[in-house]
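Tertiary structure, described
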Amino acid sequence: MADATYIPPAVWSADTVSGGRFANINRPTAGAREERELPVGEHPFQLYSLATPNGVKATIMLEELIEAGHAGAEYDAWTINIGDGEQFGSGFVGINPNSKIPALLDQSGPAPFRVFESGAIIVHLAEKFGAFLPTDPASRAEVLSWVFWQVASGPFIGGGFGHFYAYAPEKYEYPINRYAMETKRIFDVADKRLADSRFLAGDEYTLADIANFPWLAPFTEGNIYNDAKSFLSIDEYKNVGRWVAEIKARPAVQRGRIVNKVWGDEDTQLKERHSAADFDGKRLVSAPPA
Ligand SMILES: N[C@@H](CCC(=O)N[C@@H](CS)C(=O)NCC(=O)O)C(=O)O
C-alpha cells in the first residue's frame with residue numbers, strides 16, 4: 001500500500017524541515033561549526049565517543065586488549081555528546097572529518113595520528129597488538145569479511161530501519177517495509193552462519209564478533225528502537241541469541257558497554273574512562289544504546 005507520494009523538485013535544497021530525532025543537528029555540509037578543543041589525557045590512546053553501537057565496538061576492543069594483558073592499550077575515553085552537536089567542534093572534526101563517533105587519537109608513538117571509522121579503529125588496534133585478527137590469510141580474510149559486512153550493513157539497520165521505524169516524526173509504510181526486510185535479512189545471514197559456527201569467523205572469538213555484537217545484541221535484548229524486538233520477531237534468530245548470550249558474559253564486553261554511556265541508571269553510566277578503577281561500583285549489565 002503506497003503512502004502519500006512526493007514529487008521531487010528538479011534540485012533538492014536543505015530548507016525543508018525533516019523533523020524527527022537528530023533533525024536539529026543534520027545539515028548537508030561538512031566541517032567544524034565552532035572552535036572547541038578536545039581534552040587529551042596521558043594514555044597511549046585517546047578515544048572520543050559515545051556508547052552507541054558504533055562507539056561500543058571501540059570500547060569493547062580496548063577493554064578486550066587490556067583484559068588480554070596488553071597494558072599498552074590503556075586509554076582515556078572522552079564523551080562526545082552527539083545530541084548537543086559536539087561532533088562538529090573543531091578539535092573533533094580534526095580527528096574525524098566525517099563528524100561521527102567513534103574517533104581515536106593514537107599517541108603511542110613519537111607522532112600522534114588519528115584513526116576514524118569504527119571498523120578502521122578496531123582493525124588498527126588488532127594489528128598493533130596482534131590480537132583478535134588471525135594472521136594466516138584464509139582466517140584473516142574470513143574475519144575481515146565479517147567486519148566489513150557489519151560496517152556496510154549497520155546503516156541499513158540504524159539509518160534505515162531505526163530512523164524510519166523509531167525516530168522519524170511520521171511513520172511511512174514503504175521505508176519501514178524496505179528496512180525491516182533488510183534488517184531481518186541481515187539477522188538471517190548472521191543466524192545461518194552461527195548455526196554452523198560458534199563465532200562469526202569460526203571457532204575463535206575475533207574482531208568479527210567485536211564489530212557485530214554491539215549492533216545485534218540490543219535487538220535480542222529488546223532495548224533498541226522501541227519495540228523492534230517483537231516487530232521484527234527477533235526471537236526467531238536462535239543462533240544469534242545463543243551467540244549474544246556467550247559474548248555478553250565476557251567481562252571486557254560488559255565493561256566496554258558502559259564506557260561513554262550517559263543514559264540509563266546512574267550506576268550503569270561511565271561518562272569518561274581513564275583507568276580500570278573507574279569501573280568500581282558500576283553495575284555491569286546490558287547497556288541500552290542511544
Ligand atoms: N561508519 C561510521 C558510523 C558512525 C556513526 O554513524 N556514528 C553516529 C553515532 S552511532 C554519529 O556519530 N552520529 C552523529 C551525527 O550523525 O551527527 C562508523 O562505523 O564509525
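Residues numbered from 1 in each chain as written. Predicted model: local features only at pLDDT ≥ 70, side-chain atom pairs only at ≥ 80, totals over all residues.

1. Examining the overall build of the protein
For the record, the criterion: Under the DSSP-based scheme used, a helix requires at least four consecutive residues in state H or I and a strand at least two consecutive residues in state E, with every element numbered from the N terminus. Each residue is classed by its C-beta neighbour count within 10 Å, where at least 20 other C-beta atoms makes it buried, 12 or fewer makes it exposed, and intermediate counts make it partly exposed; the C-beta atoms are placed from backbone geometry.
Scanning the protein from N- to C-terminus turns up 9 helices and 4 strands. Dimensions of the protein, computed from C-alpha atoms along their principal axes, come out at roughly 55 × 50 × 40 Å. Taken across its 290 residues, the protein has 37% of its residues classed as buried.

2. Notes on the site of the ligand
Filter applied, for reference: We call a residue near a molecule or strand if the C-beta atom, set from the backbone, is within 6 Å of it. Gly falls in the polar group here, along with every residue not listed as nonpolar (Ala, Val, Leu, Ile, Met, Phe, Trp, Tyr, Cys, Pro) or charged (Asp, Glu, Lys, Arg).
Neighbouring residues of the ligand: 13 residues in total, closest Thr52, Asn54, Ile82, Lys100 and Ser118. Split by residue class, the shell around the ligand holds 5 nonpolar, 6 polar and 2 charged.

3. Some words on helix H6 (residues 207-221)
Defined as follows: Expected span of a helix: the number of residues minus one, times 1.5 Å. We define the bend at any residue as the angle between the axes fitted to the seven residues before and including it, ending there, and the seven starting there.
The terminal C-alpha atoms of H6 lie 21 Å apart, and with 15 residues this matches the ideal 21 Å at 1.5 Å per residue to within 8%. Bending of H6 peaks at approximately 50° at the position of Phe213, with proline Pro214 no more than four residues after it. Summarising burial for H6: 14 of the 15 residues are buried, a large majority. In the stretch just after H6, Gly222 is the one whose phi turns positive, near 75°.

4. Some remarks on the sheet that holds strand E3 (residues 103-106)
The line we're drawing: Strand pairing is defined by DSSP finding a minimum of two bridges between the two strands. For helices, the axis comes from a line fit to the C-alpha atoms of the stretch in contact; other axes are also lines fit to C-alpha atoms, and the angle between any two N-to-C directions lies between 0 and 180 degrees. Contact between residues is assigned whenever the C-beta positions, reconstructed from backbone atoms, fall within 7 Å.
Strand order in this open sheet of 4 strands is E2-E1-E3-E4, and the pairing throughout is mixed. Strands at the two margins of the open sheet, each flanked by one partner only, are strand E2 (75-79) and strand E4 (113-116). Neighbour-to-neighbour, the strand axes of the sheet open up by a mean angle of 20°, direction not taken into account. In this structure, strand E1 (residues 45-49) lies alongside E3, joined through 4 bridges in antiparallel fashion. Paired with Gln46 across the bridge in E3 is Leu105. Relative to the sheet, helix H1 (residues 53-67) contacts E1, E2 and E3, its axis offset from that of E1 by approximately 155°.

5. Considering the pairing of E3
As defined by bridge partners, E3 adjoins E4 across 4 bridges and the pair is classed as antiparallel. Counterpart to Leu105 in the pairing with E4 is Arg114. Hairpin connection between E3 and E4: a loop of 6 residues separates the two successive antiparallel strands.

6. Quick notes on the packing of H1 against helix H3 (residues 118-129)
Packed helices, taken two at a time, are described by the angle between their axes plus the distance between the axes. For the record, the criterion: Here roughly perpendicular refers to angles of 65 to 115 degrees, roughly parallel to angles under 35, roughly antiparallel to angles over 145, and oblique to all remaining angles.
For the pair H1 and H3, the least separation of the axes is 9 Å and the interaxial angle reads 10°. The angle between H1 and H3 places the two elements in the roughly parallel class. Between H1, through Asn54, Lys57, Ala58, Met61, Leu62 and Leu65, and H3, the contact on the second element is made entirely by Ser118, Ile121, Ile122, Leu125 and Phe129. A per-class count over the contact of H1 with H3 returns 8 nonpolar, 2 polar and 1 charged.

7. A closer look at the pairing of E2
We count it as follows: Here, the term right-handed applies to a crossover whose path from the first strand over the helix to the second runs clockwise when the strands point away from the viewer.
Here E2 lies mainly inside the structure; 4 of its 5 residues are buried. Judged from the 5 bridges that link them, E1 and E2 form a sheet pairing that is parallel. For Ser49, the partnering residue across the bridge sits in E2 and is Thr79. Regarding the hand of the β-α-β motif, the stretch spanning E1, H1 and E2 is right-handed.

8. Considerations on helix H4 (residues 137-167)
Taking 1.5 Å of rise per residue, the 31 residues of H4 would be expected to cover 45 Å, and the 42 Å separating its terminal C-alpha atoms lies within 8% of that figure. Within H4, the axis deviates most sharply at Phe161, by approximately 35°.

9. Some points on the packing of H1 against H6
Put simply, the test is: The crossing is said to be left-handed when, going from far helix to near helix, the turn is anticlockwise and less than a right angle, and right-handed when the turn is clockwise.
Look at H1 against H6: their axes get within 8 Å of each other, and the N-to-C directions meet at 130°. Here H6 runs oblique to H1, going by the angle between their axes. When you trace H1 past H6, the crossing you get is right-handed. Between H1, through Pro53, Val56, Lys57, Ile60, Met61 and Glu64, and H6, the contact on the second element is made entirely by Ile210, Ala211, Pro214, Trp215 and Pro218. Looking at the contact of H1 with H6 residue by residue, the class counts come to 9 nonpolar, no polar and 2 charged.

10. Let's talk about the environment of Asn81
Note that Asn81 resides in the loop between E2 and helix H2 (90-95). Taking C-alpha positions, Asn81 is 16 Å from Ala58, a pair spaced 23 residues apart along the chain.

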